[in-house]
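Fold and geometry: a report
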Amino acid sequence: MATAAMELGHTCLGITDHSYGLPIARGISMEKAARQWQEIDALNARFDGAFRVFKGIEANILIDGSLDVQPDERRLFEFVIASPHSQLRRKESQTSRMVNAVKAPGIAILGHPRGRMFNSRPGISADWDVVFAQAAKRGVAIELDGNWHRQDIDFRLAERALAAGCIFALDSDAHSTEELRFSDYAIAHARLAGIPAERVINCWSDDRLEEWMRER
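Before going into details, it helps to say that this report is about the structure given with it. Everything numeric in this text was worked out from a predicted model, so none of it was measured.

Here we come to the overall build of the protein. The helix and strand tally for the protein stands at eight helices and six strands. Moving toward the C terminus, one meets the helices and strands of the protein in the order α-β-α-β-α-β-α-β-α-β-α-β-α-α. Relative to the globule expectation of 17 Å for 216 residues, the C-alpha radius of gyration of the protein, 16 Å, shows essentially globular dimensions. Projected onto its principal axes, the C-alpha positions of the protein cover 50 × 35 × 30 Å. Residue burial in the protein is summarised as follows: out of 216 residues, 49% are buried. A separation threshold of at least 6 residues defines the contact pool for the protein, and within that pool the share at least 24 residues apart is 73%. Counting every atom, the protein has about 10,800 Å² of accessible surface; 50% of that belongs to carbon and sulfur. With 27 positive and 31 negative side-chain charges, the protein shows a spacing of 5 Å between the two charge centroids.

The following block contains the structure:
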């Protein structure tokens, strides 16, 4: 994955396996995560500053907005994404669930907030302006998931997050090297929404990105 990212001109990569509370996605245990960190440390030593791999995790947002990765466990990662993977077809508002997730200590990115599937499932209903306001207040980035199956959030909702003062994380949601180019869809939605580069964490220097991660 790191080699493929470098071939695309990237300078860094975030590894974010699903957390252990999502067995359907074969979520990674903390023991396996520790072994993964050793691999990442070895890679970063080999790259010697030419490329950086960051240690992340995609935590699962539970129905009450809490996360399956505990606060003391979150501190062991360089950054944590919080994403919903259940109750994605309920029609009633889940604003409190998503606000609670944004408020959870240690969260850096709110991942595919709706759980949307393009042209198939609209995903979670919420007062997104309230959610985005909390994210902006806490410096939590809103993910634009470039996987073409998702395209979550789309440019219309991204415009509202921009107006709320949010920062953004654009990514491919790649599960293989061939999927890294899915980030083009995230870039397209960001451009349609008029998001400036300054608000996109991918456009920051590695030093600034690392500092922001530590602040979270």
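On to the packing of aromatic side chains. Think of a pair of aromatic rings as described by two things: how far the centres are apart, and how the planes are tilted against each other in angle. Within the structure shown, the criterion is met by four aromatic pairs. Both rings, one in W37 and one in F77, keep their centres 5.1 Å apart while their planes meet at 85°; by these two values the pair is edge-to-face. One end of the pair, W37, is in helix 2 (residues 30–47); the other, F77, is in the loop between helix 3 (71–74) and strand 3 (79–84), with 40 residues separating them in the sequence. Looking at F77, the relative accessible area reads 7%, which means it is buried. Between W204 and W212 the ring centres are 6.0 Å apart and the planes differ by 85°, which places this aromatic pair in the edge-to-face class.

Moving on to the pairing of strand 1 (residues 12–18). On a regular strand, each side chain points to the face opposite its neighbour's, so the side chains alternate between the two faces of the sheet. Where strand 1 and strand 2 (residues 52–61) come together, seven bridges link them in parallel fashion. Residue pairing across strands places I15 opposite K55, the latter belonging to strand 2. In this fold, the crossover linking strand 1 to strand 2 by way of helix 2 has right-handed handedness.

This part covers the environment of D68. Summarising the element assignment, D68 is placed in the loop between strand 2 and helix 3. Each C-alpha atom, one on D68 and one on Y20, is 7.5 Å from the other, the two residues being 48 residues apart in sequence. Here S19 takes part through its side chain, which lies 2.6 Å from a polar atom of the side chain of D68. From its side chain, D68 meets the backbone nitrogen of N60 in a polar contact 2.9 Å long.

Quick notes on the rules
Residues numbered from 1 in each chain as written. Predicted model: local features only at pLDDT ≥ 70, side-chain atom pairs only at ≥ 80, totals over all residues. Heavy atoms only, no water. Helix = DSSP H or I, 4+ residues; strand = E, 2+ residues; numbered from the N terminus. Rg over C-alpha atoms; globule rule 2.2 N^0.38 Å. Buried < 20%, exposed > 50% of the residue type's maximum accessible area, 1.4 Å probe, protein only. Contact = heavy atoms within 4.5 Å. Areas by Shrake-Rupley, 256 points an atom, 1.4 Å probe, with all protein chains shown as cover. Lys, Arg positive; Asp, Glu negative; His and termini not counted. Charge placed at Lys NZ, Arg CZ, Asp CG, Glu CD. Phe/Tyr/Trp six-rings, centres within 6.5 Å; stacked < 30°, edge-to-face > 60°. Pairing = 2+ DSSP bridges. Right-handed = clockwise from strand over helix to strand, strands pointing away. Polar contact = N/O pair within 3.5 Å; in protein donor to acceptor, adjacent residues only side chain to side chain.

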